[in-house]
Amino acid sequence: MTTVSKAGRRKPPRSVIPGFGITLGFTLAYLSLIVLIPLAGVFFKSAGLGWEGIWHVVSSPRVLAALKLSFGAALIAALINAVFGPLVAWVFVRYRFPGKRFFDAVIDLPFALPTAVAGIALTALYSANGWVGQFLEPLGIKVAFTPVGVIVAMTFIGLPFVVRTVQPVLEEAEKELEEAAATLGASRWQTISQVILPTVLPALLTGFALAFARAVGEYGSVIFIAGNLPMVSEIAPLLIIIKLEEFDYAGATAIAATMLVLSFSLLLMINGLQAWARRRHGHGR
Amino acid sequence: MAASANEVRPTPPTDAGSSAPPPFEPLMQRNAAITEPGWVRWTLTGVAVVFLSLFLLLPLVSVFTEALRNGVGAYLSAIAEPDTLSSIRLTLIAAAIAVPLNLLLGVSAAWAITKFEFRGKSVLISLIDLPFSVSPVVSGLIYVLIFGRQGYLGPWVADHDIKILFAVPGIVLATIFVTFPFIARELIPLMQEQGTESEQAALSLGASGWQTFWHVTLPNIKWGLLYGVLLCNARAMGEFGAVSVVSGHIRGQTNTMPLQIEILYNEYSFSAAFAVASLLAGLALVTLGVKSLLEWRYGDELAASRRH
């Protein structure tokens, strides 16, 4: 995220390049009008509710169940991606195989494919008579319209975050270190777990956090496959919409504020992780 | 549409290895100490390919098969349906306003951030990224809280007979919010890497600021810029959650394509829903195709913006 790091160290006393005032001014004005002021509105509104008001909304069983599902499923999906993401990145950085370029492009699909499209496609695949669902059904595994479906959708949207964060770090990793480890008698497994993994770990954590944050707030790809049964497979963003449709603005705001606070804490954590990674390994990019 | 999508798809699998970092590969193949045995390599590759096919490729393929399930005639008539056509028109309008505005922001934010030193720069970058970590539904909600009937500006807007919520301006606002960071995110690392020497040279030779940007900076960032615009556009046209909150779902008036998909799907007209979905999936394929092409042709220039 904070990709700006080293380059700005030289400090030109006074830049000859024009346009600082106007570009920064425009950026700040646009940012404030579109993003900051509207977001602040959520907090003003929820401040009006007071802690008790927020707690009253959030502690109702239905909201608690929805928050638990959103955060729980997002955590599981991010964990799945934290296993398969580095594996995919490793294969793409280190091995050759036919169709590599094609699959490399496919990884970005969840970035480019609209969430509603992904949602109905996944539902069609995993429903009882779908291409994948028909094989799972005899085994007693139901995916569509259950919390498992929520996890599948969240895994879909989260994967590129992990792969695309880990991949460049693996590409930059110095192979001399691996050779040194091998010369010193390390087995390949020892080299991977003790030399490569620590290098990749900060990026992996960042990717994990990004995938998690995205999955928590995800709406479009989840609501089709989830079935949206209250208390079972109803996610928090859907509950916000339901409250809005009932004109319960206070309730919607309370849930939104809770989710925002949790997401922003995550964002801070990501930045902290990157700072830590930069200090530790000197390539936090 | 499906046909044109197929034309884009074969990002040539022929020249397989060339996307890999060149200095690594030949050495890796020979040096047994820093690579894995063949069976491990092939197992890992197999797992990765199966995982990607099952989780990413299969949903994409199923969009087109479901769309064409009832034949091409049904497909075309589903798209020619008036409500669907009006949703396509609205989606195009929203993207046509949101993308240029975010392009302007992206370029000026990247210029300010990469060509100058100032305090609070990293805070500014984090703030630009903010919309990424906000749930789309919350992105819509914030505008309801402002312009809704009980909102801060609600009464004022109503008095002046301005329609924002449940109308085009609300949809545009929500779209801008959600796609806000894309172009800036693509440009900042790229322009960071290129530094300011070329611009300084041009300026010292007497070029004006605008000429410098147009003739020196822009040619260096044009491919990154193009990809940022494409990605921003794909998200703008496909945005669902945020737009769903502010649109009001008035058929034929405030439904964008993703909302039209939802309505058709909930009415059990599955193949019509998938027909509209296939248009957006085609757009996603074009976006990815162009991205691969750009990376393949101009890999070095884009290297800095590889990750986002």
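Scroll up to find the structure this text is about.
Fair warning: this is a prediction, and the values are worked out from it, not measured in the lab.

Student: Explain the overall build of chain B here, please?
Tutor: The number of helices and strands found in chain B is 16 helices and zero strands. Sorting the 308 residues of chain B into buried and exposed places 58% on the buried side. Surface exposure of chain B reaches about 12,500 Å², of which carbon and sulfur atoms provide 65%.

Student: Before we go on, may I ask you to explain the interface of chain A and chain B in this structure?
Tutor: Where interface size is given, it is often the accessible area lost as the parts come together that is meant. Taken together, the contact pairs 109 residues of chain A with 124 residues of chain B. Taking both partners together, chain A and chain B bury about 10,700 Å²; carbon and sulfur atoms supply 74% of that area. Its largest share of buried area at the contact with chain B, chain A owes to Ile-17, Tyr-30 and Arg-101 of chain A, together 8% of the area lost on that side. There are two salt bridges connecting chain A and chain B. Between Asp-108 of chain A and Lys-291 of chain B there is a salt bridge; the shortest N-O distance is 2.2 Å. Between the two partners, chain A and chain B, sit ten residue pairs in polar contact (both at pLDDT 80 or more). The leading source of residues in the side of chain A that touches chain B is helix H1 (residues 20–58) of chain A, at 17 residues. In the side of chain A that touches chain B, the residues fall into 73 nonpolar, 20 polar and 16 charged.

Student: I tried to follow empty space enclosed by the protein on my own but got confused; where do I start?
Tutor: Any empty space left between atoms is shown by rolling a water-sized probe over those atoms. Summed over all chains, the structure comprises nine cavities of 30 Å³ or more. Size it by volume and the largest cavity reaches roughly 390 Å³. Lining the largest cavity are 23 residues; nearest its centre among them are Phe-161 and Arg-214 of chain A together with Phe-132, Ser-133 and Arg-235 of chain B. A class-by-class count of the residues in the lining of the largest cavity yields 13 nonpolar, six polar and four charged.

Student: Is there a simple way to explain the packing of helix H5 (residues 82–115) of chain B against helix H14 (residues 257–266) of chain B in this structure?
Tutor: The description of two packed helices rests on the angle between their axes and on the distance between the axes. Residues and elements named next belong to chain B. At their nearest, the axes of H5 and H14 sit 8 Å apart, and the two run at 150° to each other. Taken together, the axis directions place H5 and H14 in an arrangement best described as roughly antiparallel. Contact residues: H5 offers Asp-83, Thr-84, Ser-87, Ile-88 and Thr-91, while H14 offers Met-257, Pro-258, Gln-260 and Leu-264.

Student: Looking at this structure, how should I read the layout of surface pockets?
Tutor: Here the largest pocket is characterised by a volume of approximately 960 Å³. Sorting the residues of the lining of the largest pocket by element identifies helix H10 (220–226) and helix H11 (236–245) of chain A together with helix H7 (136–147), helix H8 (154–159), helix H13 (241–247) and H14 of chain B as the ones contributing at least two each. When residues of the lining of the largest pocket are assigned to their parent elements, the largest contribution, five residues, is made by H11 of chain A. Residues that form the lining of the largest pocket fall into these classes: 24 nonpolar, nine polar and five charged.

Student: Teacher, can you tell me more about the side chain of Thr-256 of chain B here?
Tutor: By secondary structure assignment, the location of Thr-256 of chain B is in the loop between H13 and H14. Aside from chain neighbours lying at most four places away, what touches Thr-256 of chain B is Ser-87, Leu-90, Thr-91, Ile-171 and Val-243 of chain B.

Student: Where do I start with unusual backbone geometry in this structure?
Tutor: Most peptide bonds take the trans configuration, and most residues that are not glycine carry a negative phi. A positive phi angle, near 75°, is found at Met-231 of chain A, a position not held by glycine. Assignment of secondary structure puts Met-231 of chain A in the loop between H10 and H11. Backbone geometry places Asp-161 of chain B, a non-glycine residue, at a positive phi of 60°. Along the chain, Asp-161 of chain B turns up in the loop between H8 and helix H9 (168–179). A relative accessible area of 70% means that Asp-161 of chain B is categorised as exposed.

Student: Any chance you could explain the pattern of salt bridges here in plain terms?
Tutor: A side chain with one charge may pair with a side chain of the opposite charge, provided their charged atoms come close. A complete count under the given rule lists 19 salt bridges over all chains for this structure. Arg-69 of chain B serves as the salt-bridge partner of Glu-66 of chain B, at 3.4 Å between the closest nitrogen and oxygen. The exposure class assigned to Glu-66 of chain B is buried, which follows from its relative accessible area of 14%. The salt bridge involving Lys-291 of chain B is made with Glu-295 of chain B; its shortest N-O contact spans 3.5 Å. A residue pair is termed a helical-turn pair when its members lie 3 or 4 positions apart in one helix, as Lys-291 of chain B and Glu-295 of chain B do in helix H15 (residues 270–297) at four residues. Overall, Lys-291 of chain B belongs to the buried group, its relative accessible area being 6%. Three or more residues are tied together by salt bridges with common partners; here these are Asp-104, Asp-108 and Arg-164 of chain A together with Lys-291 and Glu-295 of chain B.

Student: Sorry if this is basic, but what is going on with the packing of helix H4 (residues 71–79) of chain B against H15 of chain B here?
Tutor: Residues and elements named next belong to chain B. Contact geometry of H4 with H15 gives a least axis separation of 9 Å together with a crossing angle of 75°. In terms of orientation, H4 lies roughly perpendicular with respect to H15. Contact residues: H4 offers Tyr-75, Ala-78 and Ile-79, while H15 offers Ala-272, Ala-275, Ser-278 and Leu-279. Partitioning the contact of H4 with H15 into residue classes produces six nonpolar, one polar and no charged.

Student: Can you walk me through the environment of Val-290 of chain B in this structure?
Tutor: Residue and element names in this part refer to chain B. Structurally, Val-290 is set in helix H15. The spatial distance from the C-alpha of Val-290 to the C-alpha of Leu-226 is 9.2 Å, given a sequence separation of 64 residues. Discounting chain neighbours no more than four positions away, the residues touching Val-290 are Leu-226 and Leu-230.

Student: Even after reading the chapter, I still don't get the packing of aromatic side chains, so can you show me in this structure?
Tutor: By convention here, two paired aromatic rings are described through the distance between centres and the angle between planes. Across all of its chains, the model carries 21 aromatic pairs over all chains by this definition. Judged by centre distance (5.2 Å) and plane angle (90°), the rings of Phe-132 of chain B and Phe-182 of chain B are edge-to-face. In this pair, Phe-132 of chain B is assigned in the loop between helix H6 (121–129) and H7 and Phe-182 of chain B in helix H10 (residues 182–194), connecting sequence segments 50 residues apart. Assessed through its relative accessible area of 30%, Phe-132 of chain B is described here as partly exposed. Linked through ring pairs, Tyr-219 and Phe-224 of chain A together with Phe-240, Tyr-265, Tyr-268 and Phe-270 of chain B together constitute an aromatic cluster.

What counts, and where the lines are drawn
Residues numbered from 1 in each chain as written. Chains lettered and ligands numbered in written order. Predicted model: local features only at pLDDT ≥ 70, side-chain atom pairs only at ≥ 80, totals over all residues. Heavy atoms only, no water. Helix = DSSP H or I, 4+ residues; strand = E, 2+ residues; numbered from the N terminus. Buried < 20%, exposed > 50% of the residue type's maximum accessible area, 1.4 Å probe, protein only. Areas by Shrake-Rupley, 256 points an atom, 1.4 Å probe, with all protein chains shown as cover. Contact = heavy atoms within 4.5 Å. Buried area = accessible area lost by both parts, 1.4 Å probe. Salt bridge = Lys/Arg side-chain N within 4 Å of Asp/Glu carboxyl O. Polar contact = N/O pair within 3.5 Å; in protein donor to acceptor, adjacent residues only side chain to side chain. Nonpolar A, V, L, I, M, F, W, Y, C, P; charged D, E, K, R; others polar. 1 Å grid on protein atoms, 1.4 Å probe; cavity = no way out; pocket = protein on both sides within 12 Å on 5 of 7 lines; lining within 4 Å. Points joined across faces, edges and corners; volume = space filled by probe spheres on them. Axes fitted to C-alpha atoms, helices over the stretch in contact; angles between N-to-C directions. Parallel < 35°, antiparallel > 145°, perpendicular 65-115°, else oblique. Phe/Tyr/Trp six-rings, centres within 6.5 Å; stacked < 30°, edge-to-face > 60°.

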